[in-house]
Amino acid sequence: MLALNGGMIALLITVGICAGFAKTGVSTLNILNVMLMSQVLPAKDAVGLLLPILILADIIAVTYYRRDVKWRLMLSLAPWVLVGLGAGYVVLLFTTDRHLQVLLGTIIGALILLQLFRDKWGFRWEESLPRSVWFTALMGAVAGFATMIGNVSGVVMAIYLMVKKLSKQEIVGTGAWFFLAVNLIKTPLYIQLGMITWSSASVAVWVIPAIAAGAYLGIKLVPLIPQKWFQMIILLLGAVGAFRLIIG
């Protein structure tokens, strides 16, 4: 049973706000969520507890962005994402909490470097990428693996959707539908692995007001905030969290 003391309640409220904000605004914010949860819970418990919260945030996001979706792109990714999910499941099946903690830290660090690379050279890089099956396969498999391991594939999907020349609304909307579908697929696997229990799932229900508040803030505030500076802060915090996960 999860101990809901004052500190844990404050953390869950923060995570709920960040989850809602990430789903309607800056997807990289979820890196911070994973880092925060992994500081106070065993890695598998942290990842499992976060999933129902993310699903509720996904539902809010797809309700608002229900028309801003490119189904063709989602379907083209589907088989490769399933490959990544399967690989991630095998890793979760055999890894320990400590090993998963190090793996999460490494993945988060790699995703941060990927995001920084995109920010600096993204335009030229994205323009030169081939629109081919191998690129879709690679991004789909990496996204599936990263989301299965630790709910941290927002950066991967953002890069893929930007390469496909989607508008900002379409990136958020397609990403919201994609993650809702993937997170629902992951749920029975997490239950089978013991990462989600009735106790942890019920916690997500109490976080709904915080998720809704975060989603509202994302919808209203993100257009007003210089995204470059905001994202740099999140990435810096994520880098600190990744380092702490790796060193234990």
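As a reminder, the structure under discussion sits directly above these lines.
Scoring rules and cut-offs
Residues numbered from 1 in each chain as written. Predicted model: local features only at pLDDT ≥ 70, side-chain atom pairs only at ≥ 80, totals over all residues. Heavy atoms only, no water. Helix = DSSP H or I, 4+ residues; strand = E, 2+ residues; numbered from the N terminus. Buried < 20%, exposed > 50% of the residue type's maximum accessible area, 1.4 Å probe, protein only. Contact = heavy atoms within 4.5 Å. Areas by Shrake-Rupley, 256 points an atom, 1.4 Å probe, with all protein chains shown as cover. Polar contact = N/O pair within 3.5 Å; in protein donor to acceptor, adjacent residues only side chain to side chain. Salt bridge = Lys/Arg side-chain N within 4 Å of Asp/Glu carboxyl O. Axes fitted to C-alpha atoms, helices over the stretch in contact; angles between N-to-C directions. Parallel < 35°, antiparallel > 145°, perpendicular 65-115°, else oblique. Left-handed = near helix turned anticlockwise from the far one by under 90°. Phe/Tyr/Trp six-rings, centres within 6.5 Å; stacked < 30°, edge-to-face > 60°. Core = buried A, V, L, I, M, F, W, Y, C linked by side-chain atoms within 4.5 Å. Nonpolar A, V, L, I, M, F, W, Y, C, P; charged D, E, K, R; others polar. Expected span 1.5 Å × (residues − 1). Patch = residues over 30% accessible without salt bridge, like charges linked within 9 Å, V, L, I, M, F, W, Y side chains within 5 Å.

This part covers the overall build of the chain. When you go through the chain residue by residue, the secondary structure sums to 11 helices and zero strands. Taking all 248 residues of the chain together, the buried fraction comes to 50%. Contacts in the chain between residues at least 24 apart in sequence constitute 87% of all its contacts with a sequence separation of at least 6. If you sum the accessible surface of the chain, you get close to 11,600 Å²; carbon and sulfur atoms cover 73% of it.

Let us now look at the side chain of Asn151. Inspection of the secondary structure puts Asn151 in the loop between helix H6 (133-150) and helix H7 (154-163). Among the polar contacts listed, one links the side chain of Asn151 to the side chain of Lys186, at a separation of 2.6 Å. Not counting chain neighbours up to four residues away, the residues in contact with Asn151 comprise Asn30, Val34, Val47, Leu50, Leu51, Leu54, Ala146, Asn183, Lys186 and Tyr190.

Another point: the pattern of salt bridges. Applying the stated rule across the entire model yields one salt bridge. For Asp58, the salt bridge is made with Lys23, and the minimal N-O distance between the two is 2.9 Å. Placement of the pair is Asp58 in helix H3 (residues 43-64) and Lys23 in helix H1 (residues 6-24), with a sequence separation of 35 residues. When its relative accessible area of 14% is taken as the criterion, Lys23 is described as buried.

Below, the discussion takes up the packing of H3 against helix H10 (residues 208-221). For any two helices packed against each other, one specifies the crossing angle of their axes together with the interaxial distance. Contact geometry for H3 and H10: axes closest at 10 Å, N-to-C directions at 40°. In terms of orientation, H3 lies oblique with respect to H10. By crossing handedness, the relation of H3 to H10 is classed as right-handed. In this structure, H3 contributes Ile53, Leu56, Ala57, Ile60 and Tyr64 to the contact, and H10 contributes Ile208, Ile211, Ala212, Ala215 and Ile219.

One pass over the structure, following the stated rule, counts three aromatic pairs. Ring centres 6.0 Å apart and planes at 85° place the aromatic pair Trp134 and Phe135 in the edge-to-face group.

With that settled, consider the nonpolar core. Counting 63 residues, the largest nonpolar core has Leu12, Met37, Ile53, Phe178 and Tyr190 as its most contacted members. When residues of this core are assigned to their parent elements, the largest contribution, 12 residues, is made by H3. The next biggest cluster of nonpolar side chains, apart from the first, holds six residues, and it includes Cys18, Phe21, Ala22 and Leu32.

In contact at an axis separation of 9 Å, H1 and helix H2 (residues 29-40) are set at 160° when each is read in the N-to-C sense. Our classification of the angle between H1 and H2 gives roughly antiparallel. By crossing handedness, the relation of H1 to H2 is classed as left-handed. Contacts between H1 and H2 involve Met8, Leu11, Leu12, Thr14, Val15, Cys18, Ala19, Phe21 and Ala22 on the former and, on the latter, Leu29, Asn30, Asn33, Leu36, Met37 and Val40. For the contact of H1 with H2, a count of residues per class yields 12 nonpolar, three polar and no charged.

Attention now goes to the environment of Val40. Considering the arrangement of structural elements, one finds Val40 in helix H2. Accessibility expressed as a relative area gives 47% for Val40, which makes it partly exposed. On a C-alpha basis, the gap between Val40 and Met8 in space is 8.4 Å, while along the polypeptide they are 32 residues apart.

Looking at the element boundaries, Lys70 is found in the loop between H3 and helix H4 (71-94). Residues Lys70 and Thr174, 104 residues apart in the sequence, show an inter-C-alpha distance of 5.9 Å. Once residues lying within four places of it in the same chain are set aside, the contact partners of Lys70 are Leu166, Glu170 and Thr174.

Along its 22 residues, H3 runs 32 Å from first to last C-alpha, staying within 8% of the 32 Å computed at 1.5 Å per residue. H3 sits mainly inside the fold: 16 of its 22 residues count as buried.

With that settled, consider a nonpolar patch on the surface. On the surface, a nonpolar cluster with roughly 620 Å² of combined accessible area is contributed by Ile9, Ile13, Ile17, Tyr216, Leu217, Leu221 and Leu224. Of all the elements in the fold, those that place two or more residues in the nonpolar patch are H1 and H10. If you trace the backbone, Leu224 turns up in the loop between H10 and helix H11 (227-247).

With that settled, the discussion passes to the side chain of Thr187. Structurally, Thr187 is set in helix H8 (residues 168-192). A distance of 2.8 Å separates the side chain of Thr187 from the backbone oxygen of Asn183, its partner in a polar contact. Among residues more than four places away in sequence, those in contact with Thr187 are Leu51, Ile55 and Ile196.

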